[in-house]
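Coordinate analysis (summary)
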Amino acid sequence: MAAILETELPWPDEAAAQSSAEKLAAALLPSPNALIELHGPLGAGKTTFTRLLLRALGVQGRIKSPSYAVMESYELPSGGVASHFDFYRFGDPREWEDAGFRDVFAAPGLKVCEWPEKAAGQLPPPDLQLFIELLPDDSRRVRAVGVPRLVEALS
């Protein structure tokens, strides 16, 4: 098993989340190939962070929440594909297999997953997990756990 690092990040506002997204994008380029899991309650900022990350990777145009489609894919200007998943509506982890996601996860590219626990046992091990906690003042506290190069990029 590869080494795992952990750090905590304060996100007092969206600008802090954007800074983290930009640092992470820089660590992922030139050819993003990683599985990132985003954990947190509704309204924590998982979709916002994904949008910020995709923008930092150069995605233009509308970035939609995949709440209903479950997956939205984006061509990256540097080449490759970024896939954004939202498993919130999954009632059974086997829906992941039925949806044909095995092929998507077997291919290279960036995969960002919201509500990964809803696909428990189906996803490969993540390269980075962000646990986003919504605080009473609307700021966020984020625990980043993952491979050293990605966690260090966020520090």
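Preceding this section is the structure that the text describes.
The structure contained in this document is the topic of the report that follows. Model, not experiment: these values are computed from the prediction.

**Describing the packing of aromatic side chains**
We describe a pair of aromatic rings using the distance from one ring centre to the other and the angle between the two ring planes. A complete count under the given rule lists 7 aromatic pairs for this structure. For the pair Phe85 and Phe101, a centre-to-centre distance of 5.1 Å together with 80° between the ring planes defines the contact as edge-to-face. One end of the pair, Phe85, is in strand S4 (residues 81-86); the other, Phe101, is in helix H4 (residues 101-106), with 16 residues separating them in the sequence. Connected via pairs of aromatic rings, a cluster forms that spans Phe85, Phe87, Phe90, Phe101 and Phe105. Of note, Arg143 hangs over the ring of Phe131, and the distance from its end group to the ring centre comes to 4.3 Å.

**Structural notes on the sheet that holds strand S6 (residues 128-134)**
If you trace the 7 strands from one edge of the open sheet to the other, you get S1-S7-S6-S2-S5-S4-S3, paired in mixed fashion. Of all strands in the sheet, those bounded by a partner on one side alone are strand S1 (5-11) and strand S3 (71-75). Strand-to-strand twist in this sheet, taken as the mean axis angle between neighbours without regard to direction, amounts to 15°. Looking at chain direction, strand S2 (residues 34-39) and S6 are connected through 4 bridges and run parallel. Across the sheet, His39 pairs through a bridge with Phe131, a residue of S6. Its contacts with the sheet place helix H1 (residues 14-28) against S1, S2, strand S5 (110-114) and S6, and it is angled at close to 145° to S1. Across the face of the sheet, helix H2 (residues 46-56) comes into contact with S1, S2, S3, S4, S5 and S6 while running at roughly 165° to S5.

**Concerning the pairing of S2**
Counting buried positions along S2 gives 6 out of 6 residues, so the element sits mostly inside the fold. Of the two faces of S2, the one carrying Ala34, Ile36 and Leu38 and the one carrying Leu35, Glu37 and His39 are both buried. For S2 and S5, the ladder comprises 5 bridges, and the chain directions are parallel. Counterpart to Ile36 in the pairing with S5 is Val112.

**Considering the nonpolar core**
Leu24, Leu53, Leu110 and Leu128 are the most contacted members of the largest nonpolar core, which totals 33 residues. Residues in contact with Leu110, not counting those within four places in the same chain, are Leu28, Pro32, Asn33, Ala34, Ile36, Leu53, Leu57, Val81, Ala82 and Ser83. Residues Leu35, Val70, Trp96 and Ala119 belong to the second largest nonpolar core, which totals 12 residues.

**Let's talk about the side chain of Gln129**
Here Gln129 shows up in strand S6. Polar contacts involving the side chain of Gln129 include one to the side chain of Glu37, which spans 2.9 Å. Gln129 has contacts with Glu37, His39, Arg143, Ala144 and Val145, leaving out every residue within four places of it along the chain.

Thresholds, definitions, all that
- Residues numbered from 1 in each chain as written.
- Predicted model: local features only at pLDDT ≥ 70, side-chain atom pairs only at ≥ 80, totals over all residues.
- Heavy atoms only, no water.
- Phe/Tyr/Trp six-rings, centres within 6.5 Å; stacked < 30°, edge-to-face > 60°.
- Helix = DSSP H or I, 4+ residues; strand = E, 2+ residues; numbered from the N terminus.
- Lys NZ or Arg CZ within 6 Å of the ring centre and 35° of its normal.
- Pairing = 2+ DSSP bridges.
- Axes fitted to C-alpha atoms, helices over the stretch in contact; angles between N-to-C directions.
- Contact = heavy atoms within 4.5 Å.
- Buried < 20%, exposed > 50% of the residue type's maximum accessible area, 1.4 Å probe, protein only.
- Core = buried A, V, L, I, M, F, W, Y, C linked by side-chain atoms within 4.5 Å.
- Polar contact = N/O pair within 3.5 Å; in protein donor to acceptor, adjacent residues only side chain to side chain.

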